[in-house]
Amino acid sequence: MIELVEYIAKALVDHPENVSVNQVEGEQSIILELKVDPEDMGKVIGKQGRIAKAIRTVVKAAAAKEGKRVVVEII
Amino acid sequence: MRYVEKQSKTVEDAVELALKDLNADRDQVEIEVLDEGNRGILGFLAKAAKVRVTLKKKPEEIAIEFVEQLMKRLGYSVDVELEDVGEFIKIHIKGENVGPIIGRHGSTLDAIQYLVNLVVNKDTQEYHRIIIDVENYRKRREESLEKLAQNIARRVKSTRKSFSLEPMLAYERRIIHTALQSDQEIVTKSVGEEPNRRIIISLK
């Protein structure tokens, strides 16, 4: 799951070297904290959060397979 | 990525040599001048110009690579095929148990397609539109939307009342508009703001 978010984020930003994803595991859910270069924030969030929403939708498809709830947070 | 380095009297000459080697046009490559060179004085102290010319990936190559990598990380072993590079770059994903890739009303597929379009157009001047299909889902959806359009049009004519459809994406609305374009008694228009923009079908 980490690799998935990392791969998508790196493909979108101008500074892929500054992308990192941290996984925090809860009982029923996994939180994926995505960190990018401050300059790249817009590239992973998008107008009205459209890009962030698309990333979450794709991740949800992967999570459904594993039967866990996954939350992607951009920090 | 493929690149060649060339030396010649001038940068221009070196670039020409490299393009010949790569069998490419100027807009398909990235040119990096490694050394401007120097003509010297009457041939003395002359230094060759040096360039590195890199073949840029074609948009369809970027798109396919992204989708393949995404599918791998999503845990699907599927075939990703390039179908068309005309007005749209069309990519078809084929495999078994691909329902989750499509999602409810194609929501996951639309998200993937949106991301692919962003990635492919990140560094390009020209905008390339990429359409991704999974096991002919879009084709089937297109057919059912056309059928829906005809059914609603018939209903509008018999009841003489306008009918409002559920919110749809731009390309889905276009299918409805196109399907009823030639109907002389019907007009279609889109109202509302994305993502709740919807079509209203009414009598002329």
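Thresholds, definitions, all that
- Residues numbered from 1 in each chain as written.
- Chains lettered and ligands numbered in written order.
- Predicted model: local features only at pLDDT ≥ 70, side-chain atom pairs only at ≥ 80, totals over all residues.
- Heavy atoms only, no water.
- Helix = DSSP H or I, 4+ residues; strand = E, 2+ residues; numbered from the N terminus.
- Areas by Shrake-Rupley, 256 points an atom, 1.4 Å probe, with all protein chains shown as cover.
- Lys, Arg positive; Asp, Glu negative; His and termini not counted.
- Charge placed at Lys NZ, Arg CZ, Asp CG, Glu CD.
- Contact = heavy atoms within 4.5 Å.
- Buried area = accessible area lost by both parts, 1.4 Å probe.
- Polar contact = N/O pair within 3.5 Å; in protein donor to acceptor, adjacent residues only side chain to side chain.
- Nonpolar A, V, L, I, M, F, W, Y, C, P; charged D, E, K, R; others polar.
- Pairing = 2+ DSSP bridges.
- Axes fitted to C-alpha atoms, helices over the stretch in contact; angles between N-to-C directions.
- Patch = residues over 30% accessible without salt bridge, like charges linked within 9 Å, V, L, I, M, F, W, Y side chains within 5 Å.
- Salt bridge = Lys/Arg side-chain N within 4 Å of Asp/Glu carboxyl O.
- Buried < 20%, exposed > 50% of the residue type's maximum accessible area, 1.4 Å probe, protein only.

Q: Explanation requested: the overall build of chain A in the structure shown.
A: When its secondary structure is counted, chain A shows three helices and three strands. Shown N-terminal to C-terminal, the secondary structure of chain A runs as helices and strands in the order α-β-β-α-α-β. For chain A, the spread of C-alpha atoms along the principal axes amounts to about 35 × 20 × 15 Å. For chain A, the exposed surface amounts to about 4,200 Å²; the carbon and sulfur share of it is 48%. If the 11 positive side-chain charges of chain A are averaged to one point and the 12 negative ones to another, these points end up 10 Å apart.

Q: Sorry, what's going on with the interface of chain B and chain A here?
A: The extent of an interface is frequently quoted as the accessible surface area lost upon association of the parts. The partner chain A presents 18 residues to the 18 residues of chain B that form the contact. Around 1,700 Å² of area is buried between chain B and chain A when both sides are counted, 73% of it from carbon and sulfur atoms. Summed over the shared surface of chain B and chain A, the number is one residue pair in polar contact (both at pLDDT 80 or more). For the side of chain B that touches chain A, the secondary structure elements donating two or more residues are α2 (59-74) and α4 (107-120) of chain B. With eight residues, α4 of chain B is the single largest residue contributor to the side of chain B that touches chain A. Of the residues assigned to the side of chain B that touches chain A, the class counts are 11 nonpolar, four polar and three charged.

Q: Got a minute to help me understand the sheet that holds strand β5 (residues 89-94) of chain B in this structure?
A: Hydrogen bonds between backbone groups are what pair the strands of a sheet, and the pairing can be parallel or antiparallel. Residue and element names in this part refer to chain B. Read from one edge of the open sheet, three strands run β4-β5-β6, paired in mixed fashion. Of all strands in the sheet, those with a lone pairing partner are β4 (79-85) and β6 (130-134), marking the two edges. Ignoring which end each strand starts from, the neighbouring axes of this sheet average 20 degrees apart. Bridge count for β5 against β6 is five bridges, and the pairing is parallel. Looking across to β6, one finds that lysine 90 is bridged to isoleucine 131. Sheet strands in contact with α2 are β4, β5 and β6, and its direction is about 155 degrees off that of β4.

Q: How do you make sense of a positive patch on the surface when you look at a structure like this?
A: All names here are of chain A. Together, Arg50, Lys53, Arg56, Lys60 and Arg69 make up a region of like positive charge exposed at the surface. If one sorts the elements of the positive patch by residue count, helix α3 (residues 50-66) sits on top with four residues. Taking the relative accessible area as the measure of exposure, lysine 60 reaches 55% and is therefore exposed.

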